[in-house]
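Structural overview
So you can see what is in the structure, the chains are spelled out below.
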Amino acid sequence: QQQVKQSPQSLIVQKGGISIINCAYENTAFDYFPWYQQFPGKGPALLIAIRPDVSEKKEGRFTISFNKSAKQFSLHIMDSQPGDSATYFCAASRGDYKLSFGAGTTVTVRA
Amino acid sequence: KAGVTQTPRYLIKTRGQQVTLSCSPISGHRSVSWYQQTPGQGLQFLFEYFSETQRNKGNFPGRFSGRQFSNSRSEMNVSTLELGDSALYLCASSFPGSEQYFGPGTRLTVT
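Okay, so let's go over this structure. (Residues numbered from 1 in each chain as written. Chains lettered and ligands numbered in written order. Predicted model: local features only at pLDDT ≥ 70, side-chain atom pairs only at ≥ 80, totals over all residues. Heavy atoms only, no water.)

On to the packing of aromatic side chains. All names here are of chain A. For the structure shown, the criterion picks out 17 aromatic pairs over all chains. Here tryptophan 35 and phenylalanine 73 contribute two aromatic rings whose centre-to-centre distance is 5.7 Å and whose plane-to-plane angle is 70°, an arrangement assigned as edge-to-face. Linking tryptophan 35 in strand β4 (residues 33–38) with phenylalanine 73 in strand β8 (residues 72–77), this pair joins segments that are 38 residues apart in sequence. Summarising the burial analysis for this pair, tryptophan 35 and phenylalanine 73 share the class buried. Arranged with centres 5.8 Å apart and planes meeting at 55°, the rings of tyrosine 36 and phenylalanine 101 form a pair that is tilted. With tyrosine 36 in strand β4 and phenylalanine 101 in strand β10 (residues 100–101), this pair connects stretches of sequence that are 65 residues apart. (Phe/Tyr/Trp six-rings, centres within 6.5 Å; stacked < 30°, edge-to-face > 60°. Helix = DSSP H or I, 4+ residues; strand = E, 2+ residues; numbered from the N terminus. Buried < 20%, exposed > 50% of the residue type's maximum accessible area, 1.4 Å probe, protein only.)

Encoded structure:
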């Protein structure tokens, strides 16, 4: 039973464009929502995280939007660059351990 | 500050054998979590250790076990290996209640 559903499975964006990845969760006890970036052959790297007391968090070109009532959150990558080509995972947990991950989105940025 | 290290990075084993993987957390981190990553099932939580005690366990058979030492280093063991155990095994460390940082993983292939 997948507790976090992520879409799309893959996306292609032109350099300078915006990448949007969406996630939905069912467990209302979740209170921590991180996003991870993973390159081939590497472990996931923490990108940005949000807690449900805020609706948006921005760090550089990466923004998380959070909708508690809809139980959805999304990652926006602004001004996408070829170096952003990677697989992105959303996750959720109660507390900061036992992360439940989405299935991942492979982002390809075309130069 | 050095990141999470995992050894070995690659491993090939035969069905029925057992394997031990090692994880050294970031200095000062006392919580260590293990995850299994496969193309079919994605990233799945195995277990989490804090102060040498298992605090959380995922839905994996008893063949999967782990432990943590007094210096916070952790090992996981898989006994009676099956072909389906082929995966990337990831270790993540954190301070209690803070973000998890992943190591590069151990790629286990079971033949």
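So much for the structure itself; the text now carries on.
Before going further, it helps to spend a moment on the interface of chain A and chain B. Counting residues at the interface gives 15 residues for chain A, matched by 19 residues for chain B. For the pair chain A and chain B, the two sides together bury roughly 1,400 Å², of which 57% comes from carbon and sulfur. Inspection of the chain A/chain B interface yields zero salt bridges. Its residues assigned to classes, the side of chain A that touches chain B comprises eight nonpolar, three polar and four charged. (Contact = heavy atoms within 4.5 Å. Buried area = accessible area lost by both parts, 1.4 Å probe. Salt bridge = Lys/Arg side-chain N within 4 Å of Asp/Glu carboxyl O. Nonpolar A, V, L, I, M, F, W, Y, C, P; charged D, E, K, R; others polar.)

Before going further, it helps to spend a moment on unusual backbone geometry. For residues besides glycine, phi is generally negative; the peptide bonds are generally trans as well. In this model, serine 7 of chain A is joined to proline 8 of chain A through a cis peptide bond whose omega is -5°. Following threonine 7 of chain B, the chain continues into proline 8 of chain B via a peptide bond in cis, with omega recorded as -10°. Positioned with a positive phi, serine 51 of chain B is a non-glycine residue whose angle comes to about 50°. Structurally, the position occupied by serine 51 of chain B is in the loop between β5 (42–50) and β6 (53–57). Backbone geometry places glutamate 52 of chain B, a non-glycine residue, at a positive phi of 70°.

Moving on, we come to the sheet that holds strand β1 (residues 4–7) of chain A. Residue and element names in this part refer to chain A. The strand order across the open sheet formed by five strands is β1-β3-β8-β7-β6, and the pairing between neighbours is antiparallel. With partners counted over all chains shown, the strands left at the sheet margins are β1 and β6 (56–59), one partner each. Averaged over all pairs of adjacent strands, the angle between strand axes in this sheet comes to 15°, irrespective of strand direction. Where strand β3 (residues 19–25) and β8 come together, six bridges link them in antiparallel fashion. Note that in β8 the partner of isoleucine 20 across the bridge is histidine 76. (Pairing = 2+ DSSP bridges. Axes fitted to C-alpha atoms, helices over the stretch in contact; angles between N-to-C directions.)

The next subject is a nonpolar patch on the surface. Residues Ile18, Ile20 and Met78 of chain A make up a contiguous nonpolar surface patch of about 240 Å² in total accessible area. Tracing the chain through its elements places isoleucine 20 of chain A in strand β3. (Patch = residues over 30% accessible without salt bridge, like charges linked within 9 Å, V, L, I, M, F, W, Y side chains within 5 Å. Areas by Shrake-Rupley, 256 points an atom, 1.4 Å probe, with all protein chains shown as cover.)

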